[in-house]
Amino acid sequence: MYRVIGTVKSRAFRVLWMLEELGQSYELVEAGPRSDVARKFNPLGKIPALVDGDAVLTDSVAIMTYLADKHGGLTAPAGTPERARQDAMTLWLIDEMDALLWTASKHAFVLPEKLRVPEVVPTLHKEFARNADALAGMLQQSGDFLMGDAITLPDLLAVHCLGWAFGAEFPPLPEPVKAYSKHLRARPAFRAAAAA
């Protein structure tokens, strides 16, 4: 059984959802960032971490990639053009959505107050809205899921970012993106992870 170190209201949710989609057993070890428990698994105190036997893995997307490859689900096979396109989508989401959300969070509450620059947040909102429009265009071409006919790792990443944006009061999402997010959030695996 896997152990996931983190909280449901963090990037650890991505890992929990991945495990639910893959039908894998896990235990959630509640630990906030920079907590003593988190530092046992990652000296930087960052969450999530995944314990698989003697191996401790960190970074939500690295963990998701590992799990998808190990269990042969939610991913295109490594070494294929489809995988390269999937990885490109994953990296685009990290650069153009996750990074904006994380920067806004840092300047809202993570950084010490004297280091925060709240004036940057409106620019982050505009960039996110531009990227949400781009995502809407991608969805019109791809169908129900970002990579085509089946759910893959980028879908989990995208929907987590969209939920984060909603919670952080980013600009409203385009209708196709809202519908996509609602569709995936209705999945039993998503709901099971949210209840972990």
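Scroll up to find the structure.
What you see is a predicted model; the values in this text were computed from it and never measured.

### Here we look at the overall build of the chain
For the chain, the count of helices and strands is 8 helices and 4 strands. Compactness check: the chain gives a C-alpha radius of gyration of 17 Å against a globular reference of 16 Å for 196 residues, within 12% of the reference. Among the 196 residues that make up the chain, the fraction classed as buried is 45%. Put simply, of all contacts in the chain between residues at least 6 apart along the chain, 66% involve residues at least 24 apart. The average position of the 21 basic charges and that of the 23 acidic charges among the side chains of the chain differ by 5 Å.

### Description of the pattern of salt bridges
Counted by the stated rule, this structure contains 9 salt bridges. Across the salt bridge formed by Glu127 and Arg130, the nearest N and O atoms sit 2.6 Å from each other. A residue pair is termed a helical-turn pair when its members lie 3 or 4 positions apart in one helix, as Glu127 and Arg130 do in helix α5 (residues 121-142) at 3 residues. Residue class for Glu127 comes out partly exposed when judged on its relative accessible area of 28%. Judged by relative accessible area, which is 46%, Arg130 ranks as partly exposed. If you follow the salt bridges from partner to partner, you end up with Arg11, Arg14 and Asp98 in one network.

### Quick look at the pairing of strand β3 (residues 49-52)
The side-chain alternation of β3 yields two buried faces, one formed by Ala49 and Val51 and the other by Leu50 and Asp52. Alignment of strand β1 (residues 2-6) against β3, held across 3 bridges, turns out to be antiparallel. The partner of Arg3 across the bridge, within β3, is Val51. Two strands pair when backbone bridges link them, and β3 and strand β4 (residues 55-58) are joined in this way by 4 bridges, in the antiparallel orientation. By the bridge assignment, Val51 is partnered in β4 with Val56. Counted along the chain from β3 to the antiparallel partner β4, the turn is 2 residues long, and its residue Gly53 has a positive phi close to 65°.

### Focus: the packing of helix α3 (residues 60-71) against helix α6 (residues 153-167)
Relative orientation of the contacting elements α3 and α6 amounts to 150°, with a least axis distance of 10 Å. The angle between α3 and α6 places the two elements in the roughly antiparallel class. Between α3 and α6 lies a crossing of right-handed hand. Contacts between α3 and α6 pair Val61, Met64 and Thr65 from the former with Leu153, Leu156 and Leu157 from the latter.

### Some remarks on the layout of surface pockets
Size it by volume and the largest pocket reaches roughly 1,400 Å³. Considering the residues around the largest pocket, the lining is formed by 46 residues, among which Lys9, Ser10, Arg11, His160 and Trp164 are closest to the centre. Taken together, the elements giving at least two residues each to the lining of the largest pocket come down to α1 (12-22), α3, α4 (81-110), α6, α7 (175-185) and α8 (188-194). For the lining of the largest pocket, the leading source of residues is α6, giving 8 residues. Here the lining of the largest pocket is built from residues that sort into 24 nonpolar, 11 polar and 11 charged.

### Details of the pairing of β1
Burial runs high along β1: 4 of the 5 residues are buried. Relative to strand β2 (residues 26-30), β1 runs parallel, the two being bridged by 5 bridges. Bridged to Arg3 within β2 is Glu27. In this fold, the crossover linking β1 to β2 by way of α1 has right-handed handedness.

### Focus: the packing of α1 against α3
Here α1 crosses α3 at 10°, and the two axes come no closer than 9 Å. Here α3 runs roughly parallel to α1, going by the angle between their axes. For the pair formed by α1 and α3, the contact residues are Arg14, Val15, Met18, Leu19 and Leu22 on the first element and Ser60, Val61, Ile63, Met64, Leu67, Ala68 and His71 on the second. Of the residues contributing to the contact of α1 with α3, the split by class is 9 nonpolar, 2 polar and 1 charged.

So, how was this worked out
Residues numbered from 1 in each chain as written. Predicted model: local features only at pLDDT ≥ 70, side-chain atom pairs only at ≥ 80, totals over all residues. Heavy atoms only, no water. Helix = DSSP H or I, 4+ residues; strand = E, 2+ residues; numbered from the N terminus. Rg over C-alpha atoms; globule rule 2.2 N^0.38 Å. Buried < 20%, exposed > 50% of the residue type's maximum accessible area, 1.4 Å probe, protein only. Contact = heavy atoms within 4.5 Å. Lys, Arg positive; Asp, Glu negative; His and termini not counted. Charge placed at Lys NZ, Arg CZ, Asp CG, Glu CD. Salt bridge = Lys/Arg side-chain N within 4 Å of Asp/Glu carboxyl O. Pairing = 2+ DSSP bridges. Axes fitted to C-alpha atoms, helices over the stretch in contact; angles between N-to-C directions. Parallel < 35°, antiparallel > 145°, perpendicular 65-115°, else oblique. Left-handed = near helix turned anticlockwise from the far one by under 90°. 1 Å grid on protein atoms, 1.4 Å probe; cavity = no way out; pocket = protein on both sides within 12 Å on 5 of 7 lines; lining within 4 Å. Points joined across faces, edges and corners; volume = space filled by probe spheres on them. Nonpolar A, V, L, I, M, F, W, Y, C, P; charged D, E, K, R; others polar. Right-handed = clockwise from strand over helix to strand, strands pointing away.

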